Structures are given as C-alpha cells and as structure tokens.
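Breakdown of the fold
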Amino acid sequence: MDAKVVFLSSIVAFAAAPSAVGQGVPPSGGVMVPPDSPLVPPDLSSGSELERYNDTYLDLHGGDLDEALVPFSLFPNGSEASLALASAFGLSIAVAAGGEGYTINAAHKIGVPGIIAEVSGNGLWGEESVGEMTAGVERVMKHLGMIPGPVTPAAQERPQVVRMWVPPAPVSGLWYPAQELSEPVAAGAQLGEIRDVFGKVLATIPSQMPGFILYRLTSLSVNKGEALLGVATPMVEK
Ligand SMILES: [Zn+2]
C-alpha cells in the first residue's frame, strides 16, 4: 500500500486509504515539515488539511517537562474508530476525552479518528519509552493495513477506558503532591497542597472523583490555573 506519513514536530499523521492517496497531492514518501508550518503544501490554499490528506491522526506526546505520567492515550469520547486506534496502539489506559481544544476532537468532527499517546514525561526520552511509542505506531500501521507485520503485540487486547478529572491550581505557590502515580484515591482524598515559601498552606486539593493518579505536575512552583494532576476514573463497560 502506498502509505504516506507526515511528521510535524511530535505529530504523526497517516494517509493510508486510497480515498486520500487518490487525490495525489502529497508527494510520496515522508515529508519533513518544520514545526509551526501548516501540513498543507505551500502551493495550495489552506483548508482542512487533516480532512484532505489523512485518514488517521496520531498525536505523539512525551509528557510535559514538568509532568510525570503513567502511559496513556486520549481519544474523543464516543469515537469507536478512535478507541480502536487506542487499542491498537496498545497503551494500557485510554482516556475518553470530552470538550473542545483537542486536535483529536477537531479531527473527529471531520471524520478522522485520532488519539494522543502520552509516554514518558519530564523531558526524558529513554530507549524504553521511545520503544513503547514506536511499537505503538507500528501496531497502528498494522491495524490500518499499511504494513504486513509481524508487530510486537500489545500487553492487553483492550485498554482500560477512563474519564479524567484535572484540578487547576486555585492559587500560585509551591506544590506538594500527596499521592504517587497509579495510586488509588477515594473521592475526598487529599491529593496535595499548595504552600507559600514559609510553609503556610494556601490551598488543599481534595479529589472530586474516586480513581487513580494518571499524571502529576512535578515542579515545585505552580502558577494559579495550571493543571496539578489528573485523576482517572474507570468507566463502566457497556
Ligand atoms: Zn501531552
């Protein structure tokens, strides 16, 4: 199959189906696009490039520099094709993401299934985490029929599907988390506190949801409004 892959910073977008390839616009082979450049070739007016060139959208993230996480993917809630991608990618947890502002959500709206894959964190890029990412990309390529395989199988057939609750910092200060990654929390459990430089507690963060810690801000200082952590709550299987 004439598979086309476009790399944009940490974004991989696939055009695998004849419908997209048949338009004949993207050059064959990989195309390197500098960050901040649009995916649309320069001789075309802009438009919905995702719709025009791609059947599948993978947004590969390594966690933020000040973020530690359990590997997970995010998919637009209600998109079965995107959940199938998350299953194929093979990370053990899939977050059903709602709301606006996600590129995967914009892609979903125009009929392009997609996921964000989060692996590693704190700016680390060891062999293991990079390997986990590339193995996921290969499994998705096999899933789409772009490569024949064999590929390394995922550790599980389906990921655990969760919703995520993310409390923002109510004040600026120093962040002292109380829970480790993966640690289960009950609703009402203390997730951490924000103190001033003299140790005075400015805010405590009780969990609104039962679940477990999926990611966590690792920097000491935090600005008001920044995400402190994510609590994952397993969704009941239908
Ligand atoms: Zn991310």
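Refer to the structure above for everything that follows.
The paragraphs below set out a description of the structure included in this document. As the structure is a computational prediction, the values presented were derived from the model and not from experiment. (Residues numbered from 1 in each chain as written. Predicted model: local features only at pLDDT ≥ 70, side-chain atom pairs only at ≥ 80, totals over all residues.)

Inspection of the secondary structure puts Gly149 in the loop between helix H5 (127–143) and strand S9 (160–165). By C-beta crowding, Gly149 is classed as exposed, having 11 other C-beta atoms within 10 Å. Taking the C-alpha atoms as reference points, Gly149 and Glu138, separated by eleven residues in sequence, lie 8.2 Å from one another. (Helix = DSSP H or I, 4+ residues; strand = E, 2+ residues; numbered from the N terminus. Buried ≥ 20, exposed ≤ 12 C-beta atoms within 10 Å, placed from the backbone.)

Attention shifts here to the nonpolar core. Residues Phe75, Ile93, Val95, Ile115 and Leu214 are the most contacted members of the largest nonpolar core, which totals 45 residues. Counting only domains with at least three residues in this core, you end up with domain 1 (4–161) and domain 2 (166–234). Contacts of Ile115, omitting those with residues within four sequence positions, involve Leu58, Ser73, Leu74, Phe75, Ser82, Leu85, Ala86, Phe89 and Ile104. (Core = buried A, V, L, I, M, F, W, Y, C linked by C-beta atoms within 7 Å. Domains from an automatic or database assignment. Contact = placed C-beta atoms within 7 Å.)

For the rest of this paragraph, the subject is helix H3 (residues 80–89). Within H3, seven of the ten residues are buried, which leaves the element mostly enclosed by the surrounding structure. Of all the positions in H3, only Ser82, Leu83, Leu85, Ala86, Ser87, Ala88 and Phe89 are classed as buried. On its buried face, H3 sits against strand S4 (56–61), strand S6 (72–76), strand S7 (93–97), helix H4 (103–109), strand S8 (114–118) and H5.

Summarising the sheet, strand S12 (residues 190–195) and strand S13 (residues 201–206) pair through four bridges and their orientation is antiparallel. For Ile194, the partnering residue across the bridge sits in S13 and is Ala203. Between the end of S12 and the start of S13, which pair antiparallel, lie five residues, with Gly199 showing a positive phi angle near 95°. (Pairing = 2+ DSSP bridges.)

Under the 1.5 Å per step criterion, the end-to-end length of H5 is 24 Å for 17 residues, consistent within 8% with the ideal 24 Å. All buried positions along H5 are accounted for by Met133, Gly136, Arg139, Val140 and Met141. Just beyond H5, the residue with positive phi is Gly145, at close to 80°. (Expected span 1.5 Å × (residues − 1).)

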